[in-house]
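Chain residues, written in single-letter form:
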Amino acid sequence: MAIENGSKKADKMVKVTKKDMVLPSKDLGRRECPLVTFDLPYVTFYYNQKLLLYKGNSFIDDWEEMVGNMKEALGEVLVDFYPLAGRLEKDKEGVLRVVCDVKNVGVEVVEAVVDGVGIDELGEDESSFLLQEIVPYTGVLNLEGFRRPLLAVQFTKVKDGLAIGCAFNHAILDGHSTWHFMNSWAEICRGSGSISIPPLHDRTKARNTRVKLDLPSDLPQLAKSPPMREKIFRFSRSAIDEIQSDVNSSLSNGSKFSTFQSLGVHIWRAVTRARHLNTEDHTVFTVFADCRKRLDPPMPENYFGNLIQAVFTVTATGALLGNAPAFGASMVQKVIEMHDSKVIEVRNKEWEASPKLFQWKDAGINCVAVGSSPRFQVYDIDFGCGRPEAVRSGRNNKFDGMVYLYQGKGGGRSIDVEISLEAQAMNNLEKDKEFLMEEH
């Protein structure tokens, strides 16, 4: 079955044909990379999973050569992105770091095959059971990076293409750095002798405070979610324009809500309606904000690591739904704009004074939590045989109300919204014409 994905149902469908370790193509000696305050809260999250689906007979006819090229390119790009080839370790003072040396090196790579399944089936809007089984490390916590690779990759051959599932230890990188790595890997695979944007690994430039983290002796049991459904809702450019126009229609002061703020409140209101909450019930909107440009001085785009912080706003259900969409959008806009270098500094100092290992329940009651970004050029990940047919996230780090935003395949301003909800709420959301923009 797929790499440690926690289910035996897939044994009947997924057959592993090869399993090995890919090492950096050059001897790096010993490299160390400390984890800083922006990284540490996420050690009790799960590995962050991404799945890219590619269609074409070339993947089938030239499977060994193509996968061989991808593995060779992976070894080359790991020279630049060496933290992904290392392991977690504590130094003598109890500070977490990534160590890459002869004893702690390598990325786990699996090759597998699924008979009778095609790319279109895997790319359906509703996440299938099988889709979750071809992405490695489902149910694996970042804390296990002390003994496991910090990156695992699975190449799965299907009847008409290739599925590439990746699992990244979320304690060492965020979404921005994830796609920086993926684009660089694809660049090498297409024949480039070097990557165009080398990563910056000096995390002390973002935060130079050493924090001793007392880790649990046993792996923590994270809060379990009730049965959920996961589905992608696709919004065209015209639908995004309609949403943004509607949210801005009640404004008179000339200020405009961004695409993210407009779409965010559109989702927040729809999910709140779908949950059938009481008017006095509170609901939270959470966004994992990129802090690279918010720091003083700002960090460059090629900073490799975590530079995100969760930003929250809360209101009563009655207020959110009883007012125009601009009411909720203004709340989202305000907390995002207020999250400047001073607020980030206060947040960091508070956490360093009393470190807390985050769990998903910390996202807030009746929450809608937004991760990823449609700004990431996920459909540009071309390993030499074309753009992906679909890009999805795996099962990890999903809970009731988790939302991932992806660039739409058609490009432009189209956006794919991947939502996880309790089953009944999802059933209600699917019938919400206002959310689906069926009236426009």
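Look a little higher up for the structure.
This report concerns the structure included in the present document. Since this is a predicted model, take the numbers as computed values, not measurements.

1. Observations concerning the overall build of the protein
Thought 1: A tally of helices and strands in the protein yields twelve helices and 15 strands.
Thought 2: The C-alpha atoms of the protein give 21 Å as radius of gyration, which agrees with the globular expectation for 440 residues (22 Å, within 12%).
Thought 3: Projecting the C-alpha coordinates of the protein onto the three principal axes gives extents of approximately 60 × 55 × 40 Å.
Thought 4: Out of the 440 residues belonging to the protein, those deemed buried represent 58%.
Thought 5: The contacts in the protein between residues at least 6 apart in sequence include a share of 79% that link residues at least 24 apart.

2. Side note on the side chain of Gln309
Thought 1: Looking at the secondary structure, you find Gln309 in strand β11 (residues 308-316).
Thought 2: One polar contact links Gln309 to His339, side chain to side chain, over a distance of 2.8 Å.
Thought 3: Once residues within four sequence positions are removed from consideration, Gln309 is found in contact with Phe38, Tyr42, Val287, Phe288, Ala289, Cys291, His339, Ile344, Arg347 and Asn348.

3. Topic: helix α10 (residues 341-353)
Thought 1: Taking 1.5 Å of rise per residue, 13 residues should cover 18 Å, and α10 covers 18 Å from first to last C-alpha, within 8% of that figure.
Thought 2: By the burial criterion, the buried members of α10 are Ile344, Asn348, Trp351 and Glu352. The buried residues of α10 occupy an angular sector of 100° when projected down its axis, which confines them to one face. In α10, those exposed residues whose orientation departs by more than 90 degrees from the buried face are Lys342, Glu350 and Ala353.

4. Some details on the side chain of Arg87
Thought 1: Summarising the element assignment, Arg87 is placed in strand β4 (residues 87-90).
Thought 2: The charged side chain of Arg87 is buried without a salt bridge, its nearest counter-charge being Glu108 at 7.4 Å.
Thought 3: Only 3.4 Å separates the side chain of Arg87 from the backbone oxygen of Ala85, close enough to count as a polar contact.
Thought 4: Those residues in contact with Arg87, other than ones at most four positions away along the chain, are Met21, Arg97, Val98, Val99, Asn104, Val105, Gly106, Gly145, Phe146, Arg148, Pro149 and Leu150.

What counts as what
- Residues numbered from 1 in each chain as written.
- Predicted model: local features only at pLDDT ≥ 70, side-chain atom pairs only at ≥ 80, totals over all residues.
- Heavy atoms only, no water.
- Helix = DSSP H or I, 4+ residues; strand = E, 2+ residues; numbered from the N terminus.
- Rg over C-alpha atoms; globule rule 2.2 N^0.38 Å.
- Buried < 20%, exposed > 50% of the residue type's maximum accessible area, 1.4 Å probe, protein only.
- Contact = heavy atoms within 4.5 Å.
- Polar contact = N/O pair within 3.5 Å; in protein donor to acceptor, adjacent residues only side chain to side chain.
- Expected span 1.5 Å × (residues − 1).
- Arc of directions from axis to C-beta.
- Lys, Arg positive; Asp, Glu negative; His and termini not counted.
- Salt bridge = Lys/Arg side-chain N within 4 Å of Asp/Glu carboxyl O.

Note that all results are geometric; they support no functional claim without further evidence.
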